[in-house]
Structure formats: structure tokens, C-alpha cells
Amino acid sequence: ANMKLSLLLLVFALSIDAKEDSFEFRIPPVVPQAESYMCTSLQVNEATSIIGFDVLNENHVLHHLLLFGCEEPGSDEVVWDCGEMSAGSSTGMDRAPPCAAKPTILYAWAHDAPKLELPKDVAFKVGGDKSKIKHVVMQVHYMEDGEKEDESGVSIRFTDAPISKEASTMLLVTGGEIPPMSTESLETACTIDEDVVIHPFAYRTHTHALGASVSGWVVQEKDGVDSWTLLGRRDPQLPQMFVPVANSSLVIKKGDIVAARCMMVNEGPEVVSVGSSGKDEMCNLYVMYWSEGSQGLKDNTCFSPGAPNYYWSSEAQLNHIPN
């Protein structure tokens, strides 16, 4: 396993003269277990600019894959169980979160989404002295038991060319419950309280089977009246890929509100709660944005407890809410 890590680090060193290259970051050989979340970590010593991702899922066993940027990984093990919030099966491995603290989401994939290329002159900055991201941690989620070892992963494209715009990913996420035989709205909203100017360029929705629509908005308040600008709206049952935002000239500044809503349809006889297993639900909206230099958000997560304890109109006191 240490040899695998050394080889990956060697790729960075050998590519120092190349303007653009790629390497494959894979989970060490594991046999998939139902509802298991497994993580592996890659230390990045040299300053590197990541410009694209392509998931390697040859065995077609992945439910989803996430890449986190961490100052320190959640475990020193080569591979560990990072489903600490899941009630799924035990892998017998050490259990720990993906990152020791404050994870940064670099990439998210599910439902056979195609590869992602970042816009020109935009990159995720990792490694080196200036970035707090010293490790890239990959989390893979298997929903079903497998019969043979899997080594799924992601091909990461990077460059050493100068990049002026730094990419980041904001996560808008809720808790909550969907009552039986009902349509429920899971909502979250947060005010940007940092002195930033950020430019959203892509978004990705994620729910499980009950999700009918996920939408994201930027809200500006003036004289008690809220003005809503659509970031994007998408059916989460489509391939869960990053797609361009509705308005490429949209800018988010201090004082603006970012908001997300998941419309959930539960036609079954039981309450379905938000959780980590495939039997639970999720309401996630990922928003990729760029900023000049490293002037992005320090806190990239917007969370609410969701229905029935949180709604835009009551707890967030928003008005002129769109359909």
C-alpha cells in the first residue's frame, strides 16, 4: 500500500515539466459491502492545480464518489471505513470521517455522470505552502455486496501552468423527514457574511429515489422585499453531473443569501428521514464557483434541519418565494 502511495506521489514529481497531465487515484482493492463508505488518502506535497475529473467505475459498482480536500485525513490507515454516520453494514475497518476537520469538497459524482472539465483559467489549488489542502481523500459508496475486489477511483487532470482563478465548491444540505403519502419541501438558506466576491459556474443535485426536483437560488433583500435569482433547477433522477448555472454572469457577494430546495415525493406508507444509507434520503446541492486568487469562502457549507422544523418562510423569514 505504501508503494502505491509512493508511485502516486512520483507522478507529481515526474510531471513537473509538463504543462498538463493526469493520474489515476483508486481505492486499494476492496470487496464491496452493502451500504459501505470507504476512504483512502493521497498526500500532495507540491503545489498543484486540478483542472478536471473523470470517474473510473469499470465494474459499475459505485453508487457515488466524493473527493475531499483535507489539511489532515480522518485516518492514517491506507483505507478506512468513513461511513461514521451510516447505519449500514460494518466493514471491520477502522472508522473515521474523511477529514480530521473542515473538509473541502473538490468533486462529487453519481448516476453515471460524465467527466468534468473546469472553465479556462480555473482550478482547484492543492498542496504547496499556500493551500491548506495537503491531502486529497476519496470516498466511495457501495450500495450492494460485491463478489470480487474493486479498484474504482478517479482520473485527476492537473497542470503546473499559472492559474488566476481558484475553484471551490459550496454545499447546501438539509436534514429532515418526508411524511408518508406526501410531497414535502426540504429547504436551507444561509447569508454570506464573509467579504467575498464569488462567481458560480456549475451545480450538481443529489437526492435518492424520492427527489423530484432540486433548485438553487441567490436571494437579495431590499426594503423588506426579497429578490430571487435562479442558480439552477434539475431533476435529481437524471445523471448527477455538474451542469452550468442558469446565469453565467451571476455574482455572489457579502450580504447575499444562498438557498436550496428539494421537492420530495413519498408515495410509501412510512416516514423517510434524511440519512446516509440508500434507504434514507438526501437533499444536497453542490455549487462550484471561482474567485480571484484565494478569496473564496472559508465556510463552504450551508445546513438546515429541514422539514418539519425548518422552512424558508418561517425560520428563514424569506418572502416572495418562487414556485
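An account of the accompanying structure is given in this report.

Rules behind the numbers
- Residues numbered from 1 in each chain as written.
- Predicted model: local features only at pLDDT ≥ 70, side-chain atom pairs only at ≥ 80, totals over all residues.
- Heavy atoms only, no water.
- Phe/Tyr/Trp six-rings, centres within 6.5 Å; stacked < 30°, edge-to-face > 60°.
- Helix = DSSP H or I, 4+ residues; strand = E, 2+ residues; numbered from the N terminus.
- Buried < 20%, exposed > 50% of the residue type's maximum accessible area, 1.4 Å probe, protein only.
- Lys NZ or Arg CZ within 6 Å of the ring centre and 35° of its normal.
- Lys, Arg positive; Asp, Glu negative; His and termini not counted.
- Salt bridge = Lys/Arg side-chain N within 4 Å of Asp/Glu carboxyl O.
- Pairing = 2+ DSSP bridges.
- Axes fitted to C-alpha atoms, helices over the stretch in contact; angles between N-to-C directions.

### Focus on the packing of aromatic side chains
Thought 1: Under the criterion given, the structure shown has 6 aromatic pairs.
Thought 2: A ring pair is formed by Phe53 and Tyr107, whose centres lie 4.6 Å apart and whose planes are at 5 degrees; its orientation type is stacked. Of this pair, Phe53 sits in strand E3 (residues 48–56) while Tyr107 sits in strand E6 (residues 104–110), and the two are 54 residues apart along the sequence. Neither Phe53 nor Tyr107 differs from the other in exposure class; each is buried.
Thought 3: Considering the side-chain rings of Trp217 and Trp228, the 6.0 Å spacing of their centres and the 80 degrees angle between planes classify their relative orientation as edge-to-face. Taken together, the residues Trp217 in strand E15 (residues 211–222) and Trp228 in strand E16 (residues 225–234) connect sequence positions 11 residues apart. The same class applies to Trp217 as to Trp228, namely buried.
Thought 4: What links up through ring pairs into an aromatic cluster is the set Phe53, Tyr107, Phe124 and Phe242.
Thought 5: The cationic tip of Lys165 hangs over the ring face of Trp290; the distance from NZ or CZ to the ring centre is 4.3 Å.

### Comments concerning the side chain of Glu166
Thought 1: Among the structural elements, Glu166 can be located in strand E11 (residues 165–174).
Thought 2: Buried within the structure, Glu166 lacks any salt-bridge partner; Lys125 is the closest side chain of opposite charge, at an N-O distance of 4.9 Å.

### Concerning the sheet that holds E16
Thought 1: One open sheet accounts for 4 strands, arranged E13-E19-E15-E16; its pairing is antiparallel. The two strands at the open ends of the sheet, each matched to only one other strand, are strand E13 (182–191) and E16. Put simply, the sheet's adjacent strands are angled 25 degrees from each other on average, direction ignored.
Thought 2: Judged from the 9 bridges that link them, E15 and E16 form a sheet pairing that is antiparallel. Within E16, the residue paired with Val218 across the bridge is Thr229.

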